[in-house]
Structure formats: structure tokens, C-alpha cells
Amino acid sequence: FKLALSVEREPAAHATLLLRAFCRQFPQGGPPEYFEYLNGGMSAEPDWAEDYPDQWRAANDEALLLELGTEAANAELQPKLEALKSVAGDRIVVIGGPPCQAYSVVGRARNRNKAGYDPKDDPRHYLYREYIAILESLRPAAFVMENVKGLMSSSVDGQAMYELVLADLKAAGGENSYRLYALDLDKTGKAQLFPSVKPADFLIFAENFGVPQTRHRVII
């Protein structure tokens, strides 16, 4: 696979994506100065734009600092999506995690303490539709969506959010266009297919896979 495009709104996270996009262009995983800097051989990080202008420009074309759903983001992103689609056709995989503040258990606890807070008036519940819009535009061969486990217990006016999310994902390329799998295996060792799965089946526990974190995430 070749990473063609990434979008991030948080500056520190974007800086990581940008540096990775830059270093990925070098056979050794970065220019010699990068490893010298990491090993303490330089007092300051080199100016990559000055030392390697072509590679730095390519990295900036790949890793975008944008907030999905804004007019500025749509104006910059849509031409790139159309160009990617024209080159790659259906040979595309999309991986993403829509904003999760409205679903997280901690975020919901904070919101309950806000005077006059009403979940149905919080647009963050529906930011996942920006992810859906990208799926609708690219029609990828496959996608992976990640989110916090609070998604599976979040609701607005009695409507379970995960039901809305799964229904929209399933129809992202047209009615019943995608099959949704939970990575929790069934008795035959195969990934489970929605709608036969329970919400908890979409949960992945990082500590069960050798990751030194108790990080629990929904993976669809």
C-alpha cells in the first residue's frame, strides 16, 4: 500500500504525520541528518524545507492540517479526493477515526455538568458523517473506522448512536453497499458479519494483542 493522503486537525498530531510522510520518502526511513539529530549529534532539528525542499513539499501535499466539515477543509480536500479517485479508481482503502468527544465516557460526564446541555443540540454527535462523506466520495474497496468504546453506549433522544453510525457506514456507497465486520472471531475463526454481531463484538482490547496499554477501541 502507498499512503496517499492524511487529514488531522490537531497540530501536534499533524506534525507527527508530516514528519512521517517526509521520512517515508527515504530508503532508510529518513535522511542521514534525521538519525544524527535523533542520536544527539545536532543541537536543533534541521530545517527540512530548506535541506530537502522536494521531499518536504511532497510531505505537505500528503499530510493536511484541516478540520473536516469546514468550508476551508472541503475546498482543499475535495480536489485531492477527486484526483486520487481518478488515479486509483477503486484500489483505495480508507482508515480513520471520526471525532469522539461526544461519545467518550469522560466527555459525556463533563457534558452532564454543563448547565442547559442537551445532547441533541451537540453537533459533535454527527461529525462521523464527515467520514461518511469521504467514503461516499472515494467509494473505497474497504475501510476501517475506529472510535472510543463509548460510541456503543451513547444515545441522543433515546436513539443509540451506534445504530445510526452502522446504518450510515453500510450505505456509504449506496444501499447495502458495504459489509461490516467485527474483528471478534466467531466459533469458526472468521470475522463476524453485521447484523449478527453484538455491539460489544466491535470492541478490541489492546492489552490482548501485546500492546502495553489498556486501550479499548471500537473497530469496524
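Whatever comes next refers back to the structure up there.
Residues numbered from 1 in each chain as written. Predicted model: local features only at pLDDT ≥ 70, side-chain atom pairs only at ≥ 80, totals over all residues. Heavy atoms only, no water.

**So, the overall build of the protein chain**
The helix and strand tally for the protein chain stands at 8 helices and 10 strands. Looking at the 220 residues of the protein chain, the share that counts as buried comes to 32%. Within the protein chain, residue pairs in contact and separated by at least 24 positions form 59% of the contacts whose partners lie at least 6 positions apart. Surface exposure of the protein chain reaches about 13,500 Å², of which carbon and sulfur atoms provide 54%. (Helix = DSSP H or I, 4+ residues; strand = E, 2+ residues; numbered from the N terminus. Buried < 20%, exposed > 50% of the residue type's maximum accessible area, 1.4 Å probe, protein only. Contact = heavy atoms within 4.5 Å. Areas by Shrake-Rupley, 256 points an atom, 1.4 Å probe, with all protein chains shown as cover.)

**What about the side chain of His 14?**
Structurally, the position occupied by His 14 is in helix α1 (residues 11-23). At 3.5 Å, the side chain of His 14 and the backbone nitrogen of Leu 65 are in polar contact. Residues in contact with His 14, not counting those within four places in the same chain, are Glu 8, Ala 63, Leu 64 and Leu 65. (Polar contact = N/O pair within 3.5 Å; in protein donor to acceptor, adjacent residues only side chain to side chain.)

**Here's the deal with the environment of Leu 68**
With respect to the secondary-structure elements, Leu 68 resides in the loop between β2 (63-65) and α5 (71-88). On the basis of relative accessibility, which here comes to 32%, the residue Leu 68 falls in the partly exposed class. The sequence separation of Leu 68 and Arg 129 amounts to 61 residues, and the corresponding C-alpha distance is 9.9 Å. Among all residues touching Leu 68, those that are not within four sequence positions of it are Val 7, Ala 73, Leu 77, Glu 130 and Ile 134.

**Some points on the packing of α1 against helix α4 (residues 53-62)**
Packing of α1 against α4 leaves a shortest axis separation of 8 Å and a crossing angle of 130°. As the angle between them shows, α1 and α4 are arranged oblique. At the point where α1 passes α4, the crossing takes the right-handed sense. Where α1 abuts α4, its residues Leu 18, Ala 21 and Phe 22 lie against Gln 55, Trp 56, Ala 59, Asn 60 and Glu 62. (Axes fitted to C-alpha atoms, helices over the stretch in contact; angles between N-to-C directions. Parallel < 35°, antiparallel > 145°, perpendicular 65-115°, else oblique. Left-handed = near helix turned anticlockwise from the far one by under 90°.)

**Quick notes on the environment of Gln 213**
Along the chain, the position of Gln 213 falls in the loop between β9 (203-205) and β10 (216-219). For Gln 213, the residues in contact, after removing those within four places along its chain, are Ala 206 and Glu 207.

**Here's the deal with the sheet that holds strand β3 (residues 93-96)**
Judged by pairing direction, the sheet is mixed, and its 4 strands sit side by side in the order β3-β4-β10-β9 without closing on themselves. In the strand order of this sheet, the two ends are held by β3 and β9, each with one partner. The mean inter-strand angle of the sheet, taken between neighbouring strand axes irrespective of direction, is 25°. The sheet contact formed by strand β4 (residues 142-148) and β10 spans 3 bridges and is antiparallel. Residue pairing for β10: Asn 147 is matched across the bridge by Val 218. (Pairing = 2+ DSSP bridges.)

**Here's the deal with the environment of Ala 63**
When you line up the elements, Ala 63 lands in strand β2. In this structure Ala 63 touches Ser 6, His 14, Leu 17 and Leu 18, once residues within four positions along its chain are discounted.

**Details of the pairing of β10**
Relative to β10, β9 runs antiparallel, the two being bridged by 3 bridges. Note on β10: the bridge partner recorded for Leu 203 is Val 218.

**A closer look at the pairing of strand β7 (residues 181-185)**
Both β7 and strand β8 (residues 191-193) contribute to a ladder of 3 bridges, which runs antiparallel. Bridge assignment links Tyr 181 to a residue of β8, and that residue is Leu 193. The antiparallel pairing of β7 with β8 creates a hairpin that spans 5 residues between the two strands, and Gly 189 there sits at a positive phi of about 85°.

The analysis is restricted to geometry; functional conclusions fall outside its scope.
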